[in-house]
Amino acid sequence: MQIQRLQKIDDHITRGRVLIIYGPRRIGKTTALKDYLSRNSGKNIFFSTGDDIKLRELFMSQDRSSLLSFAKSYEIIAIDEAQQIQHLGLGIKMIIDEYPDKNIILTGSSSFEIAQNVGEPLTGRHFTLTFLPFAQSEILVSDFELKNNLENFLIYGSYPEVLREISKHDKEKILQELVSSYLFKDILALDKIKSPDTLLKIVRALAFQVGNEVSFAELSKLAQVDNKTVQRYINILEKMFVIKRLTSYSRNLRNEISSRSKFYFIDLGIRNAVISQFNSLETRNDIGALWENFIFMEMYKRSATKEEFANFYFWRTHNNLEIDIVKEKNGSLEGYECKWKERNSKGVKVFEEEYKSENAKVEIISRENYLKYLI
């Protein structure tokens with residue numbers, strides 16, 4: 001299956017600004033970076049990774065003259081897995097301040113780590129680009145073929161390696177390996193995250209609650225840890241590109257709930273691997289949750305690739321009227337109900353009436369019409 005990133009590194013290179021590329025492991029950051037460098041092979045390029053011991057020592061020294069001497073002759077400086085280099089941000093700041101015409105590109109698998117080590121010293125001197133699993137609009141096949149592969153997207157997600165595999169067995173093997181890398185290597189390597197059992201309990205609980213409002217008290221009881229620990233784990237899972245938080249929309253109307261959150265998985269293949277469920281859709285009882293997760297993440301990815309700068313929420317009242325997805329952009333509201341089977345939704349008229357001053361309109365997204373909202 002042919003795939004292509006709509007977000008191009010070339011489009012985000014700006015004079016005097018460092019480009020930081022975030023994203024989970026094996027999402028295509030290194031491939032995109034090497035492709036960019038190959039198209040600029042006529043320039044003087046420095047390329048290395050965070051594993052480079054000499055590079056680590058250079059930035060650890062924080063010696064300005066040594067850093068500027070290193071950077072002076074290069075037109076492009078690219079460092080992959082940059083979060084592994086301590087004090088990198090301060091060193092890069094010295095370089096970009098002295099040589100604003102240089103193109104400096106950093107990639108990192110963990111937004112948490114790279115923000116700590118790189119982003120803060122570069123405040124006002126960098127742009128970010130986030131790579132996520134491929135959106136429907138980045139998969140270069142016909143609408144007919146996309147629809148024919150819908151079940152695969154809902155079960156196996158859209159990681160590059162997974163999309164390229166034909167065998168279901170191989171898809172599952174890759175996803176299980178990714179889960180192991182996510183949960184038991186990257187996240188457990190962080191400070192204060194010491195218990196793999198607690199982490200797995202929390203992630204599995206979130207997987208079973210996709211599309212539902214999450215009770216931290218319930219998660220705390222299940223994992224046998226306090227609320228603060230649960231919230232810290234969830235915060236890190238979000239920053240490590242495992243889950244995406246959706247808060248409730250409210251303008252303080254009396255009947256609305258404004259203090260709840262939902263969590264969706266960045267990739268459904270990862271979600272299904274966490275709970276070891278790769279069975280076909282016709283045998284599943286979670287198809288509604290899969291559909292809602294799929295639609296939300298595709299809308300989120302589409303908004304990100306088009307740089308719409310929209311905000312996403314859900315909406316629910318105390319008497320259980322709800323809208324699955326609320327998109328706020330330029331002062332107007334768009335509501336979306338994700339329906340795999342039934343089409344009626346009692347909350348539509350109420351939501352549109354309550355927010356008619358914001359030109360609120362609700363659309364029902366079904367298997368028949370979903371592509372027009374995603375591509």
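Residues numbered from 1 in each chain as written. Predicted model: local features only at pLDDT ≥ 70, side-chain atom pairs only at ≥ 80, totals over all residues. Heavy atoms only, no water.

**Here we look at unusual backbone geometry**
Phi at phenylalanine 241 is positive, roughly 65°, even though this residue is not glycine. Secondary-structure assignment places phenylalanine 241 in the loop between α12 (227-239) and β6 (243-247). Residue phenylalanine 241 is classed as buried on the basis of its relative accessible area of 8%. Look at asparagine 330: it is not a glycine, yet its phi comes out positive at around 50°. Following the sequence through the fold, asparagine 330 ends up in the loop between β9 (322-329) and β10 (332-338). We classify asparagine 330 as exposed; its relative accessible area is 75%. (Helix = DSSP H or I, 4+ residues; strand = E, 2+ residues; numbered from the N terminus. Buried < 20%, exposed > 50% of the residue type's maximum accessible area, 1.4 Å probe, protein only.)

**Observations regarding the pattern of salt bridges**
The final tally for this structure, using the stated rule, is 20 salt bridges. Between glutamate 98 and arginine 64 there is a salt bridge; the shortest N-O distance is 2.9 Å. In this pair, glutamate 98 sits in helix α4 (residues 88-98) while arginine 64 sits in helix α3 (residues 64-71), placing the two residues 34 residues apart along the sequence. For glutamate 98, a relative accessible area of 39% corresponds to the partly exposed category. Judged by relative accessible area, which is 45%, arginine 64 ranks as partly exposed. For aspartate 286, the salt bridge goes to arginine 271, with nearest N and O atoms at 2.7 Å. (Salt bridge = Lys/Arg side-chain N within 4 Å of Asp/Glu carboxyl O.)

**Observations regarding the packing of helix α10 (residues 196-208) against helix α11 (residues 216-223)**
Interaxial distance between α10 and α11 falls to 9 Å at its minimum, and their mutual angle equals 140°. Between α10 and α11, the interaxial angle falls into the category oblique. Crossing of α10 against α11: the hand is right-handed. Where α10 approaches α11, its residues Thr198, Lys201, Ile202, Ala205 and Leu206 are matched on the opposing element by Leu219, Leu222 and Ala223. When its residues are assigned to classes, the contact of α10 with α11 shows six nonpolar, one polar and one charged. (Axes fitted to C-alpha atoms, helices over the stretch in contact; angles between N-to-C directions. Parallel < 35°, antiparallel > 145°, perpendicular 65-115°, else oblique. Left-handed = near helix turned anticlockwise from the far one by under 90°. Contact = heavy atoms within 4.5 Å. Nonpolar A, V, L, I, M, F, W, Y, C, P; charged D, E, K, R; others polar.)

**Examining helix α15 (residues 347-354)**
Listed in full, the buried residues belonging to α15 are Gly347, Val348 and Phe351. Buried residues of α15 fall within an arc of 100° about the axis and therefore sit on the same side. On its buried side, α15 packs onto β8 (311-316), β9, β10 and β11 (361-365). (Arc of directions from axis to C-beta.)

**Some thoughts on α3**
All buried positions along α3 are accounted for by Leu67, Leu68, Phe70 and Ala71. Viewed along the axis of α3, the buried residues span an arc of 155°, placing them on a single side of the element. α3 presents Ser65 and Ser69 as exposed residues on the side facing more than 90 degrees away from its buried surface. As for α3, its buried residues are in contact with β2 (45-49), α2 (53-61), β3 (76-80) and α4.

**Re the sheet that holds β10**
Pairing in this open sheet of four strands is mixed, and the strands run β8-β9-β10-β11 from one edge to the other. Each of the sheet's edge strands pairs with one partner strand only, and the pair in question is β8 and β11. Put simply, the sheet's adjacent strands are angled 30° from each other on average, direction ignored. In this sheet, β10 lies alongside β9 in antiparallel orientation, the contact comprising five bridges. Looking at β10, one finds that valine 326 is bridged to glycine 335. (Pairing = 2+ DSSP bridges.)

Function cannot be read off these values alone, since they describe shape.
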